[in-house]
Amino acid sequence: MAEVGRAAVRDPGALLPGGFWAAVAVWLERPQVANKRLCGVRLEARRSVALPRAAAGPRPRSPGEGLGPGQTTGPARGTAIRGPGESQPRHGQRENRKEAAAVARLAGGFGPAGEAGVGESDSPASDLDSLWDAFFQSLDGGHPELLAFLSGPAAGSQPEAPSELSVVLRTLIPKTGPRCPLAVPRRELVVQDVLSGTVTFLPLEEDDGGNVKVETSNVYQIRLSQSQEEWFISILIFCPERWHSDGIVYPQPAWLGEELLARLARWSVESKKSGFKSTLSLISIIKYSKTYQMLKEKYKDMVKVWPEVTDPEKFVYEDVAIAAYLLILWEEERAELHLTAKQSFIDLGCGNGLLVHILSTEGHPGRGIDVRRRKIWDMYGPQTCLEEGAITPSDKTLFPDVDWLIGNHSDELTPWVPVIAARSSYGCRFFVLPCCFFDFTGKYSRRQSRKTQYREYLDFITEVGLACGFHVEEDCLRIPSTKRVCLIGKSRTYPPAGEVSMDEQRTQYINSRRGHPVSPPSEVSLPPPPRATVGHAGHPDGQQALDTGAATGRAEIQNDQLWLSGFQPREKAERVRNCATLPRDFIDQVVLQVAHLLLEGEQLNTGSASSSSSKAWNRGGSLSLAEVARELAGETLQRLKRECGGLQTLLRNNHQVFEAPIGMAPLARSGLNPLRDVLMPHMEGRASLKASRPASVSVSGWPYCFQGKPGWMWLLWPCFGGVAGFWGSDGQVNAWVESGP
């Protein structure tokens, strides 16, 4: 046994030991937060057991309780612990058939006949019972070292006292990709001992005979201890000399003792709790990982040819992740409902249309509708159906033969998506990914200050779905966005015969959101829309359903057909007047001119060096907007005045250079965007490293490895971090001159 790391934990909020178990729960249920080479984990079963401090006779068996969302494999054959003298199983690549069988079983399916794996029944609870019983018998059979390691430090003080344990069976799911295409999910027994403050991880390995055994060489433990009112968290390895690291499921001991330990120590004293679900809680993580990697490899070239001004990496990989989620969601729905035809869809407010393109290419009939055409639409080809038109919620915007309505960052249409889905047909479902906060007829107004605006808006959309008669489910996607919670309505809360009365309730709810008095069902102010079609939309010909769908707002809609007056779809042509459309060379010229004015003015006192020092840092002065404007040419000012905000907007847009409160424009070294600036000097004249994006420059001999694009400070600041760099037209640093403190 060896301790690979130990950290003292300061607990000013008196959160320990409860905070320790909360941190362990994160590593148990969401290990991908720390280990980025994992896709996720599946908790399969849990049971409570009693582990005696000394060897005893057979223990009465307690029933297990299944926790996993899906059915997996059952009791393993010949489960036993591998002793120190036995040979280790083969690590690395196994036979293709055995790996394929293991993946199929862990995903909830079945491998080829005759293949032995990590269990073969349909009950995770019985699987856990079998594994633990065999492991416990092997402990009684002569493994006192492991029994003592499992019992923890409390074993010596209470040699005969039984310890109540919680045993969890979990499956670790590694990421798959070009670098690790044969990564196989692996299972672990996790033993939690609250009395001793220990959590022990027992990895399970399958030998050549198909028997599952605890691999003692990779057993490790997380332990909480207290000494003289000071808390410590430590990580111990049972057999450090035999530890085998695969770099994925079994990390290096140094990683456990440094990275994981630091995260556990930080999580243990964090009182902030997330108000959201864990990611991918409604679908199979294994299937999602494989589908995402497949789509990412298939559509990665879109990043190279992206014609829009938006960030290609963010939008491409975000839509790939959303498409992967929907494909798995729909695949599992077809299996549940015994459908053969792939679901059809409509994407309302489809934007760049990439999500529509991916879903259509993968075999789902559908189309996207947006108020403005994008340049990238022409690149998709005729198989991707995208339409330009405005959507105004009314009798003419129903889609009775479509299975799913999608609202992916659909802005003003977001609260209307559940309504349109509910009134289109009884079998129509919806998927929304809310971003901007809109009500039925305008911006959403907050009603509760105890919640974040985002959480409150999600609750509002959930309320809309419930008012429309849906069972609303919430999940969290894995996308590069802060707004990544989706809401899904797959089933109804009422039978088909209750459609008429349910639609009257919808109408009352919609009117109440605009401040209208709630009228009795017989006195509603607006005529009810066409009744939703009863029946499931799992039609054999999905494309035909799209042809019979409602209009998209191109035809004039009468007032008596509107569901709520006051809704305004966004304009087809949106004017951009925030200085973003000005030529880049013009912007750079103005920014550099203002910077020179500030550097030449009276310097602000930073307190980092004497003002008489020739090497004092020139932070720059402070000028009002009026003073800056007087120094600019008249033609430049006229050009800026034609933009909303003018000069002040231009300075605010360059916040990596200027700190521009209202009426002033001082040159600052704080508030730099870490995505664009490599080094950020602070008020005291020090410099810190910022790294976030792939390297675009390399400087020979510089002690740091840059992972960011060169920012304005790096290129143009006359004295930066103690040296001045002169950037040549060839993109290389031509000279260095020592300067500054």
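Just so we're clear, the structure is a prediction, and the values are computed from it rather than from any experiment.

Criteria and thresholds
- Per chain, residues are indexed from 1 in the order of the written sequence.
- In keeping with the predicted nature of the model, local features appear solely for residues at pLDDT of at least 70, side-chain atom pairs appear and are counted solely at 80 or more, and the whole-chain, interface and lining totals rest on all residues.
- Side-chain metrics rest on all non-hydrogen atoms present in the structure, leaving aside hydrogens and water.
- Numbering of helices and strands starts at the N terminus; helices are DSSP runs of H or I of at least 4 residues and strands are runs of E of at least 2.
- Only protein chains enter the accessibility calculation, which uses a 1.4 Å probe. A residue is then buried if its area is under 20% of the maximum for its type, exposed if over 50%, and partly exposed in between.
- The contact definition used throughout considers only heavy atoms, calling two residues in contact when any of these lie within 4.5 Å.
- Only the protein chains shown count as covering a residue, and every accessible area follows the Shrake-Rupley method with a 1.4 Å probe.
- Classification of ring pairs uses Phe, Tyr and Trp, with its six-membered ring standing for Trp, and accepts pairs whose centres are within 6.5 Å; under 30 degrees between planes counts as stacked, over 60 as edge-to-face, and the remaining range as tilted.
- Note: two strands are recorded as paired if DSSP finds a minimum of 2 bridges between them.
- Structural elements are reduced to axes, namely lines fitted to C-alpha atoms, with helices fitted over the stretch in contact, and the angle between N-to-C directions of any two is expressed from 0 to 180 degrees.
- The way it works is a 1 Å grid over only the protein atoms, where trapped points that fit a 1.4 Å probe form a cavity and open points with protein on both sides within 12 Å along at least five of seven lines form a pocket, and then any residue with an atom within 4 Å of a point lines it.
- Grid points are joined across faces, edges and corners, and a volume is the space filled by probe spheres set on the points.
- By nonpolar core we mean a set of buried residues, namely Ala, Val, Leu, Ile, Met, Phe, Trp, Tyr and Cys, connected to one another through side-chain atoms within 4.5 Å.
- We call Asp, Glu, Lys and Arg charged. Ala, Val, Leu, Ile, Met, Phe, Trp, Tyr, Cys and Pro are nonpolar, and the rest, Gly among them, are polar.
- How far a helix is expected to stretch is found by multiplying one less than its residue total by 1.5 Å.
- Put simply, angles under 35 degrees are roughly parallel, angles over 145 are roughly antiparallel, angles from 65 to 115 are roughly perpendicular, and the rest are oblique.
- Here is the rule for handedness: rotate from the far helix to the near one, and if that takes an anticlockwise turn smaller than a right angle the crossing is left-handed, while a clockwise turn gives right-handed.
- Take a side-chain nitrogen of Lys or Arg and a carboxyl oxygen of Asp or Glu: if they are within 4 Å of each other, that pair is a salt bridge.
- Think of a polar contact as two N or O atoms within 3.5 Å of one another; within protein, one of them needs to be a possible hydrogen donor and the other a possible acceptor, and neighboring residues in sequence only count if both atoms come from side chains.

Peer 1: Can you walk me through the overall build of the chain in this structure?
Peer 2: If you tally the helices and strands in the chain, you get 18 helices and 21 strands. Of all 741 residues assigned to the chain, the portion counted as buried reaches 51%. By sequence separation, contacts in the chain at least 24 residues apart represent 67% of the contacts at least 6 residues apart. Surface exposure of the chain reaches about 34400 Å², of which carbon and sulfur atoms provide 52%.

Peer 1: Hey, could you run me through the packing of aromatic side chains in this one?
Peer 2: To describe a pair of aromatic rings, you give the distance between the ring centres and the angle between the ring planes. With the rule as written, the count across this model stands at 23 aromatic pairs. With 6.0 Å between their ring centres and 15 degrees between their planes, Tyr-288 and Tyr-292 make a pair best called stacked. Residue Tyr-288 and its partner Tyr-292 are located together in helix α6 (residues 285-299), separated by four residues, close to a single helical turn. Across the pair, Tyr-292 and Tyr-288 agree in class, each one buried. Residues Trp-330 and Trp-404 carry aromatic rings whose centres are separated by 5.9 Å and whose planes lie at 45 degrees to one another, so their mutual orientation is tilted. On the criterion of sequence distance, the pair formed by Trp-330 in helix α7 (residues 312-337) and Trp-404 in strand β14 (residues 404-408) is long-range, its members being 74 residues apart. We classify Trp-330 as buried; its relative accessible area is 0%.

Peer 1: Is there a simple way to think about the sheet that holds strand β16 (residues 470-476) in this case?
Peer 2: Spatial ordering of the open sheet is given by β13-β12-β11-β14-β15-β17-β16, a layout of seven strands whose pairing is mixed. Looking along the sheet, the strands with just one partner apiece sit at the ends: β13 (385-388) and β16. Recorded for the sheet is a direction-independent mean angle of 20 degrees between the axes of neighbouring strands. Bridging between strand β11 (residues 345-348) and strand β12 (residues 366-370) involves four bridges; their strand directions are parallel. Directly across from Ile-346, in β12, lies its bridge partner Arg-367. Seen against the sheet, helix α10 (residues 416-424) touches β11, β14, β15 (429-433), β16 and β17 (485-492) and runs at an angle of roughly 170 degrees to β15. Running over the sheet, helix α11 (residues 453-467) touches β15, β16 and β17 and is turned about 150 degrees from β16.

Peer 1: Looking at this structure, how should I read the layout of surface pockets?
Peer 2: The volume enclosed by the second largest pocket comes to roughly 960 Å³. Forming the walls of the second largest pocket are 35 residues, and the residues nearest its centre are Gly-351, Asn-352, Arg-372, Arg-374 and Arg-570. Those elements that provide at least two residues to the lining of the second largest pocket are α7, β11 and β12. With four residues, the top contributor of residues to the lining of the second largest pocket is α7.

Peer 1: Help me understand the environment of Leu-477, please; the structure alone is not making it clear to me.
Peer 2: By the element assignment, Leu-477 lies in the loop between β16 and β17. Residues Leu-477 and Lys-277, 200 residues apart in the sequence, show an inter-C-alpha distance of 9.9 Å. Ignoring sequence-local partners within four residues, the contact set of Leu-477 consists of Thr-279, Ile-322, Tyr-325, Phe-431, Leu-433, Arg-484 and Cys-486.

Peer 1: Quick question: what am I supposed to make of the nonpolar core here?
Peer 2: A general tendency of soluble globular proteins is for nonpolar side chains to be buried together. Among the nonpolar cores identified, the biggest contains 44 residues, and Tyr-325, Leu-326, Leu-359 and Phe-431 are the most heavily contacted of them. For this core, the elements supplying multiple residues, two or more each, are α6, α7, α8 (354-361), α9 (377-380), β14, β15 and β17.

Peer 1: Explanation requested: empty space enclosed by the protein in the structure shown.
Peer 2: Per the stated rule, a full pass over the model turns up four cavities of 30 Å³ or more. Taken as a whole, the largest cavity spans an internal volume of roughly 70 Å³. The wall of the largest cavity is formed by Trp-27, Asn-35, Leu-38, Arg-170, Leu-172, Glu-188, Tyr-220, Trp-243, Val-249, Tyr-250 and Pro-251. For the lining of the largest cavity, the residue count by class is eight nonpolar, one polar and two charged.

Peer 1: Teacher, can you tell me more about helix α1 (residues 18-29) here?
Peer 2: Counting along an α-helix, one turn takes 3.6 residues, and residues three or four places apart therefore face a common direction. Taking 1.5 Å per residue as the helical rise, α1 with its 12 residues ought to reach 16 Å, and the 16 Å between its terminal C-alpha atoms agrees with that figure. Along α1, the residues classified as buried are Gly-19, Phe-20, Trp-21, Ala-23, Val-24, Val-26, Trp-27 and Leu-28.

Peer 1: In this structure, what is going on with the pairing of strand β6 (residues 186-193)? I would like to understand it.
Peer 2: Along a regular strand, successive side chains alternate from one face of the sheet to the other. Burial within β6 is extensive, with eight of its eight residues counted as buried. Neither face of β6 is open: one carries Arg-186, Glu-188, Val-190 and Gln-192, the other Arg-187, Leu-189, Val-191 and Asp-193, and all of them are buried. Here β6 runs beside strand β7 (residues 198-206); their pairing, made up of six bridges, is antiparallel. Along β7, the bridge assignment pairs Val-191 with Thr-200. Here β6 folds back onto β7 in antiparallel fashion, the turn holding four residues, of which Gly-197 has a positive phi close to 70 degrees.

Peer 1: What should I look at first to understand unusual backbone geometry in this one?
Peer 2: Peptide bonds are trans in most cases, and residues, glycine excluded, mostly fall at negative phi. Omega for the bond connecting Leu-16 with Pro-17 falls within 30 degrees of zero, at 5 degrees, which places this linkage in the cis form. Mapped onto the elements of the fold, Pro-17 is located in the loop between β1 (2-9) and α1. Although it is not a glycine, Glu-229 adopts a positive phi angle of roughly 65 degrees. Looking at the element boundaries, Glu-229 is found in the loop between β9 (220-227) and β10 (230-237).

Peer 1: What exactly am I supposed to notice about the packing of α1 against helix α5 (residues 253-268) here?
Peer 2: How two helices sit against one another is set out by the angle between their axes and by the gap between those axes. Running from N to C, α1 and α5 cross one another at 125 degrees; their axes reach a closest spacing of 8 Å. Judged by the inter-axis angle, α1 sits oblique to α5. Helix-helix and strand crossings are classified by hand; for α1 and α5 the assignment is right-handed. Contact with α1, carried on its side by Gly-19, Phe-20, Ala-23, Val-24, Val-26 and Trp-27, involves Trp-255, Leu-260, Leu-264, Trp-267 and Ser-268 of α5 and no other residues of that element. Grouping the constituent residues of the contact of α1 with α5 by class yields nine nonpolar, two polar and no charged.

Peer 1: Just to check I follow, could you spell out the pattern of salt bridges for this structure?
Peer 2: Think of it this way: side chains of opposite charge can pair up when their charged atoms draw near. According to the stated counting rule, one finds 26 salt bridges in the structure shown. Of the charged contacts, one joins Arg-187 and Glu-44 as a salt bridge, the two residues approaching to 2.4 Å between their closest N and O atoms. Highlighted residues: Arg-187 in strand β6 and Glu-44 in strand β2 (residues 38-51), separated in sequence by 143 residues. A relative accessible area of 1% places Arg-187 in the buried class. Look at Glu-44 and you get buried, because its relative accessible area is 1%. Shared partners join several salt bridges into a network, and the residues in it are Arg-42, Glu-44, Asp-127 and Arg-187.

Peer 1: Explain the packing of α7 against α8 here, please?
Peer 2: Here α7 crosses α8 at 40 degrees, and the two axes come no closer than 9 Å. Overall, the two elements α7 and α8 adopt an arrangement that is oblique. Here α7 and α8 pass one another in a crossing that is right-handed. Contacts from Phe-315, Val-316, Asp-319, Val-320, Ile-322, Ala-323, Leu-326, Leu-327 and Trp-330 in α7 reach Leu-354, Leu-355, Ile-358 and Leu-359 in α8.

Peer 1: Would you mind going over the side chain of Thr-200 with me for this structure?
Peer 2: As for its position among the elements, Thr-200 is in strand β7. The class for Thr-200 is buried, based on a relative accessible area of 0%. Of the polar contacts made by the side chain of Thr-200, one reaches the side chain of Gln-221; its length is 2.9 Å. Apart from residues lying up to four places away in sequence, Thr-200 is in contact with Phe-149, Leu-150, Leu-189, Val-190, Val-191, Val-219, Tyr-220 and Gln-221.

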